[in-house]
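Residue-level structure breakdown
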Amino acid sequence: LDGATSDMATSDMASVCKAIAHGSLMGARGNSGVILCQILRGLTTTFADVEEVDGPAFARGLAAATEGAYQAVGRPVEGTILTVVREASEAAAEAAAAGGATLAGVLEAALARGAAALQRTPELLDVLRQAGVVDAGGTGFLLLLDAALCVVSARPLPEPAAITGPAPAAAASGEHPPAGGDLADLRYEVMYLLDADEEAVGALRHDWAGIGDSIVVVGGDGLWNCHIHTDDIGAAIEAGIVAGRPRQIRVTDLSEEVEEERWVRDASPGAAGPGESEAITEVVAVASGKGLRALFETHGAGTVVSGGQSMNPSTAELLAAVEDCRADQVVILPNNANIVAVAEQVDALTTKSVRVVATTEVNSGLAALVAFDPSQGADDNAKAMVAATEGLVAGEVTQAVRAFGSSVGPIAEGDWIGLGPGGIAAYAADVAGAAIGLLDALVGDSHELVTLIEGDQARPEDTEVIRAWLAEHRPDAEVEVHGGGQPLYPYLVGIE
């Protein structure tokens, strides 16, 4: 911002702003997330035309952000993130018009007015008042302003306040839920990215208005992020097919979220929550590296056993992990071809029911966990988890320890090689070159997501080179990067 924006300008302000707008569009989730994406697009569209973001420029950007956010929502009402951003924008404009306003001064004015608006949101929406909370989306927007002010003022971000017990949860959106009628209890949230012309998007909004609510459509230049609550999943997706090409389709059962929120409200300290002691099934996964362990735990694995290529855990280690599980049914994810046979011995050695999903690498294991449901039995989970890995293409980059010939050419000791499902797909003298060659061979036009898991030999500069290549040569594929910390393999690749 004051000091930082001059550095950004020298590295092409317009490109930085375009990347922020595109990244927020691709990654937005949920109603408020999609609206926040439009807010960021409004800010960056304004910033792209200046060399330095000062107070007046930020006020203009916030005004554009407010206008875009309101236009994106089918039926905007007050008491949501929309109220917070509008009042923050009004305060920013007043501060900028006063003359001599610094960027910090404009941010402070916006943050103060926005905070006051946030505290009033329960007065405007009964759902917030009844739950005893303020709007979640507005809270997230104020965090963005607060972080910007910390950067401008060169002060550290404050520590988060301690939470002493379960807090009530409330869903928030930029649209008022219907007061009654057929749309009052819509079950599903449908989201997807849509490749379509602007004219077609108008027809999509019209079609969606008849089948759902909480409609938010944001984007431009042929790419849109679309969100609706509905009972008719098929019609919501078919409308996208008529308008253009929907991709990265996500459907969430909102009734499950309501049940989780009810548990949060009703739980007493120390009570068991969903997926804890009452779980029917738990997952034991094998992985090496601190980052990979954290990834598997975040995705739902109850226990992660250390192991991987050249570090195979023993049957006894896997058995001990299974016995430590509180559930009587367990699914094992070996995540390496050499560990599958060992994992399959465990069921006969324990009174628990153990099923093995024969994942042969890490990305398949993570994909399988997406389908894991602790409230279901091991057999049902195993079937669903196997299905979740179908269609995934996996690869890895490692270093040759000796010279040898291959189908792609002679490989010298120390060369980096890219391994795909069919064996060696690429090689190069450097890590980034081998990774790019592997991706060139494996990523097709129909693929939508590329996941890179960085090992302990990965370098940030190499990752950026790989990202840049994907952005240029596979622009339709979203890229996710995770720190795995695994040895021997600087990059593990998953393609969906």
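Report follows, based on the coordinates. (Residues numbered from 1 in each chain as written. Predicted model: local features only at pLDDT ≥ 70, side-chain atom pairs only at ≥ 80, totals over all residues. Heavy atoms only, no water.)

1. Let's talk about the overall build of the protein
Per the secondary structure count, the protein includes 18 helices and 14 strands. Going through the 496 residues of the protein one by one, you find that 46% of them count as buried. A fraction of 69% describes how many contacts in the protein between residues 6 or more apart in sequence connect residues 24 or more apart. On the protein, roughly 22800 Å² of surface is accessible, and the fraction owed to carbon and sulfur atoms is 53%. (Helix = DSSP H or I, 4+ residues; strand = E, 2+ residues; numbered from the N terminus. Buried < 20%, exposed > 50% of the residue type's maximum accessible area, 1.4 Å probe, protein only. Contact = heavy atoms within 4.5 Å. Areas by Shrake-Rupley, 256 points an atom, 1.4 Å probe, with all protein chains shown as cover.)

2. Quick look at the pairing of strand β6 (residues 303-306)
Of the pairings in the sheet, the one linking strand β5 (residues 281-287) to β6 comprises four bridges and is parallel in character. From the neighbouring strand, Val 286 faces β6, where its bridge partner is Val 305. With respect to chirality, the unit in which β5 leads through helix α12 (residues 290-298) into the neighbouring parallel β6 is right-handed. (Pairing = 2+ DSSP bridges. Right-handed = clockwise from strand over helix to strand, strands pointing away.)

3. Focus on the side chain of His 447
Tracing the sequence through the fold places His 447 in the loop between α17 (431-442) and β12 (449-454). Its relative accessible area of 16% is what places His 447 among the buried residues. Only 2.8 Å separates the side chain of His 447 from the backbone nitrogen of Gly 444, close enough to count as a polar contact. Not counting the four nearest positions on each side in its chain, His 447 is found in contact with Val 393, Leu 442, Asp 476, Ala 477, Ile 495 and Glu 496. (Polar contact = N/O pair within 3.5 Å; in protein donor to acceptor, adjacent residues only side chain to side chain.)

4. So, the sheet that holds strand β1 (residues 188-195)
Sheet architecture is open: four strands sit in the order β2-β3-β1-β4, paired in antiparallel fashion. The sheet terminates laterally at β2 (212-220) and β4 (245-253), the two strands that pair on one side only. The sheet shows a mean angle of 10 degrees between the axes of neighbouring strands, taken without regard to direction. In this structure, β1 lies alongside strand β3 (residues 223-230), joined through eight bridges in antiparallel fashion. Bridge pairing in β3 links Leu 194 to Trp 224. Across the sheet, helix α9 (residues 198-209) lies against β1, β2 and β3, angled at about 170 degrees from β2, the strand it touches most. (Axes fitted to C-alpha atoms, helices over the stretch in contact; angles between N-to-C directions.)

5. So, the nonpolar core
Formed by 46 residues in total, the largest nonpolar core has its most connected members in Ile 35, Ile 39, Phe 58, Leu 62, Leu 107, Phe 141 and Leu 145. Going through the elements one at a time, α2 (13-27), α3 (30-47), α4 (55-72), α5 (81-97), α6 (103-124), α8 (136-153), β1 and β2 are the ones with two or more residues in this core. No other element matches the eight residues that α5 contributes to this core. Counting 23 residues, the second-largest nonpolar core is a separate cluster that includes Val 450, Ala 458, Trp 469 and Val 493. (Core = buried A, V, L, I, M, F, W, Y, C linked by side-chain atoms within 4.5 Å.)

6. A look at the packing of α4 against α5
Running from amino to carboxyl end, α4 crosses α5 at an angle of 155 degrees, the nearest separation of the two axes being 9 Å. Accordingly, the angle class assigned to the pair α4 and α5 is roughly antiparallel. Taken as a pair, α4 and α5 cross one another with a handedness that is left-handed. Side by side, α4 and α5 meet where Gly 55, Pro 56, Ala 59, Leu 62, Ala 63, Thr 66, Ala 69 and Tyr 70 of the first sit next to Leu 82, Thr 83, Val 85, Arg 86, Ala 88, Ser 89, Ala 92, Ala 93 and Ala 96 of the second. (Parallel < 35°, antiparallel > 145°, perpendicular 65-115°, else oblique. Left-handed = near helix turned anticlockwise from the far one by under 90°.)

7. A closer look at α4
Compared with the 26 Å implied by 1.5 Å per residue over 18 residues, the 26 Å span of α4 between its first and last C-alpha is a close match. The N-capping residue of α4, defined by a side-chain oxygen 2.9 Å from the backbone nitrogen of Ala 57, is Asp 54. (Expected span 1.5 Å × (residues − 1).)

8. A short note on the sheet that holds strand β7 (residues 329-333)
In space, the four strands of this open sheet follow the order β6-β5-β7-β8, with parallel pairing throughout. Only two strands of the sheet have a single partner each, and these edge strands are β6 and β8 (353-356). Strand-to-strand, the axes of this sheet are offset by a mean angle of 25 degrees, without reference to chain direction. With four bridges connecting them, β7 and β8 associate as parallel partners. Bridged to Ile 332 within β8 is Val 356.

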